[in-house]
Each structure stands twice: as structure tokens, then as C-alpha cells.
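Below, each chain spelled out in residue letters.
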Amino acid sequence: MRRIGILGGSFNPAHRGHRSISMAAFTALDLDEVWWLVSPGNPLKSGVSDMAPLNVRLASARRMARHAPIRVTDIECRLGTRYTVDTIDKLTRLYTRKQFIWLMGADNLAQFHQWRGWRRISQQVPIAVIARPGYDAAARAAPAMGWLRRFVHPAYHAQDWTRWSLPALVLLRFRPDETSATRLRALNPGWADLTPDTDIDPTLQTHGGLRVPPLS
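Read on for a plain summary of the structure. The model shown is predicted, which means the values in this text are computed figures rather than measured ones. (Residues numbered from 1 in each chain as written. Predicted model: local features only at pLDDT ≥ 70, side-chain atom pairs only at ≥ 80, totals over all residues. Heavy atoms only, no water.)

### Focus: the overall build of the chain
Note the threshold: A helix here means a DSSP run of H or I that spans at least four residues, while a strand means a run of E at least two residues long, and both kinds are numbered starting from the N terminus. By the convention used here, residues are in contact when the closest approach between their heavy atoms is within 4.5 Å. Per-residue and other accessible areas were derived by the Shrake-Rupley procedure at a 1.4 Å probe size, with only the shown protein chains allowed to occlude residues.
When you go through the chain residue by residue, the secondary structure sums to nine helices and nine strands. Pairs at least 24 residues apart make up 77% of the contacts formed inside the chain by residues separated by at least 6 positions. Total accessible area computed for the chain in this model is approximately 10600 Å², and 49% of it derives from carbon and sulfur atoms.

### Looking at the environment of Y156
Of note, Y156 is situated in the loop between β6 (152–153) and β7 (169–172). Between the alpha carbons of Y156 and L172 there is a distance of 9.3 Å; along the sequence they are 16 residues apart.

### Some points on the packing of aromatic side chains
Our working rule: Any pair of Phe, Tyr and Trp rings, taking the six-membered ring for Trp, is counted once the centres come within 6.5 Å. Such a pair is stacked with planes under 30 degrees apart, edge-to-face with planes over 60 apart, and tilted for the rest. Geometrically, a lysine NZ or arginine CZ counts as sitting over a ring once it is within 6 Å of the ring centre and also within 35 degrees of the ring normal.
Overall, the coordinates contain nine aromatic pairs when judged by the stated rule. One aromatic cluster is present, formed by W102, F112, W115, W118, W147 and F151 through successive ring pairs. The ring of Y83 has R116 lying over it, and the distance from NZ or CZ to the ring centre is 3.9 Å. A cation sits over an aromatic face here: R119 above W147, 5.4 Å from the ring centre.

### What about helix α4 (residues 84–94)?
Every α-helix winds through 3.6 residues per turn, so residues three or four apart in the chain are directed the same way. To keep things clear, this is the line we draw: Burial status follows relative accessibility: with a 1.4 Å probe on protein chains alone, a residue under 20% of its type maximum counts as buried, one over 50% as exposed, and anything between as partly exposed. Note that the arc is computed from the directions linking the helix axis to the C-beta atoms.
Of the residues making up α4, those classed as buried are T84, V85, T87, I88 and L91. One side of α4 holds all its buried residues, which, seen down the axis, span an arc of 160 degrees. Structurally, α4 contributes buried residues whose contacts are with β1 (2–9), β2 (33–38), α3 (75–79), β4 (98–105) and α6 (118–124).

### Details of the pairing of β4
Here is the rule: Pairing between strands is defined by DSSP: at least two bridges between the two strands are required.
For β4, a buried count of seven out of eight residues is recorded, marking the element as mostly surrounded by other parts of the structure. Pairing of β4 with strand β5 (residues 127–130), which is carried by four bridges, proceeds in the parallel orientation. Looking at the pairing, W102 lines up with I127 of β5.

### A look at unusual backbone geometry
Cis geometry is adopted by the peptide bond preceding P13, which originates at N12 and carries an omega value of 5 degrees. Relative to the helices and strands, P13 is located in the loop between β1 and α1 (16–28). Omega for the peptide link from L166 to P167 comes to 0 degrees, which places this bond in the cis form. In this fold, P167 is placed in the loop between β6 and β7. One non-glycine residue with positive phi stands out, namely F11, at about 50 degrees. Tracing the sequence through the fold places F11 in the loop between β1 and α1. When its relative accessible area of 3% is taken as the criterion, F11 is described as buried.

### A word on helix α2 (residues 54–64)
Every buried residue of α2 is listed here: L54, V56, R57, L58, A59, S60 and A61. On its buried side, α2 packs onto β2, β3 (70–73) and α3.

### Brief notes about the nonpolar core
Spelled out, the test is: Here the nonpolar core consists of buried residues drawn from Ala, Val, Leu, Ile, Met, Phe, Trp, Tyr and Cys, with membership extended through side-chain atoms lying within 4.5 Å.
If you look at the biggest cluster of nonpolar residues, it comprises 29 residues, and the most contacted ones within it are L91, F100, W102, M104, L109, F112 and L148. Looking at this core, the element that brings in the most residues is helix α8 (residues 143–148), giving four residues. Leave out the neighbours within four places in its chain, and L148 touches L109, F112, W118, S122 and L169. Of all hydrophobic cores here, the second largest spans 26 residues; its members include W36, V38, L54 and A68.

### A short note on the pattern of salt bridges
The test is simple: Only one rule defines a salt bridge in this text: a Lys or Arg side-chain nitrogen within 4 Å of an Asp or Glu carboxyl oxygen.
Under the definition given, this model contains six salt bridges. One salt bridge in this structure joins D89 and R120, with 3.4 Å as the shortest N-O distance. Taken as a pair, D89 in helix α4 and R120 in helix α6 lie far apart in primary sequence, 31 residues in all. Put simply, D160 and R163 hold a salt bridge, and the shortest N to O gap is 2.8 Å. Classification of R163 as exposed rests on a relative accessible area of 64%. If you follow the salt bridges from partner to partner, you end up with R2, E33 and R71 in one network.

So, in C-alpha cells, the structure goes:
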């Protein structure tokens, strides 16, 4: 069974912070691979005027993930899912020989209660929350944390996540990287115009009528 960490997001653009937390989680959780799920459209960011096209964000993510055990994919576009709860449901049914853990920053934990089916997500896969500068207090006080707190495992047992009963949460703290996609866009509003388009993920293959990442 391969151990896969999933990091979902807009990657608008992808940056060294995404890579940094992915590689830190890769080690802390003893993963075989990290999948970056580049979202076709984040429901919590609907109406955002500076969201680059999916192809541009994929290209940005692929450049940032080079030479790392990170698979960049547009699988949510292929599966036709918009909400994380539906994506995880399909991934766990398609990939019965992979074990998944959801990776999220502390900023996402702070708003996790706004996600559709957030309790169900917690009952589908373990969750690893990575500390982010300025968000720790809000994350620990988050409405979702009021329910999840009883299911927290100590970080020194992080590599045992495949044996945990669900729900299960682990809080990971690494050397912080304060890179922010919002700040990058503010510094370079035309970044997307400088990023070459790329085709939708060419590594995908057909499975049950859908194009999804290879099973190997």
C-alpha cells in the first residue's frame, strides 16, 4: 500500500511554501508521494477576479514540484468534483491500494467548518494540519477544532497514521515559510501572463470512463 499525502488548492500561483510543507510532511508522515490537486475552482473563492486559468496554474505547480516526489494533477477536473468531500470519496473508491492523508495549512483548519461535509471528510481520511505563521491561534479556536480536538494524535506518532482509527488529526510544526500566493500576486499582478500554458495533465489515463492518475 502506497502512502499518499494530498494537498489541494488553487495554486494561484504555486510557490515555495507549497513545496516546503509538502516535503516536510513527506518526511514527517513517511509518505511515498504527495499529490497536488490543482482545483478547477475553489467554492470558497468563487468570484475571485485574479484566478488564473487552470492550465496556467498547473504549469506553475509543475515547475515548483520539479525533482520532488510530488505529482501535480487536475484530477478534480477529470472526476467532475468541486468539493473536497466528493473528491476524497472518489479517490478512496478508485484507489483501494493507496492510503491517503489530507494535508492542510492551519489557515484552512480555521475555516474547515465552512467546507461541505467537513465531518465526513474527517471520517474518510486522516488529516495532517501544518502550522502557518499567524494562523495557529485561529486554528486552535476554530469551530471544527472543537469537535476534532478529541481525535488529535501526538506529532511524534505521525508516521503511524495508517493505523489510526478515524477521525484522526495530527498537528505538525515545521520551520515556517511565509510565502503567500496573495502576496506574490500583489507583487506581480501579471504573473499568469508570464506562465506558459500547458495541456491538461498528460500522465492521466482512463479508468471507468474518467481520466485519472495511473495506479502504479
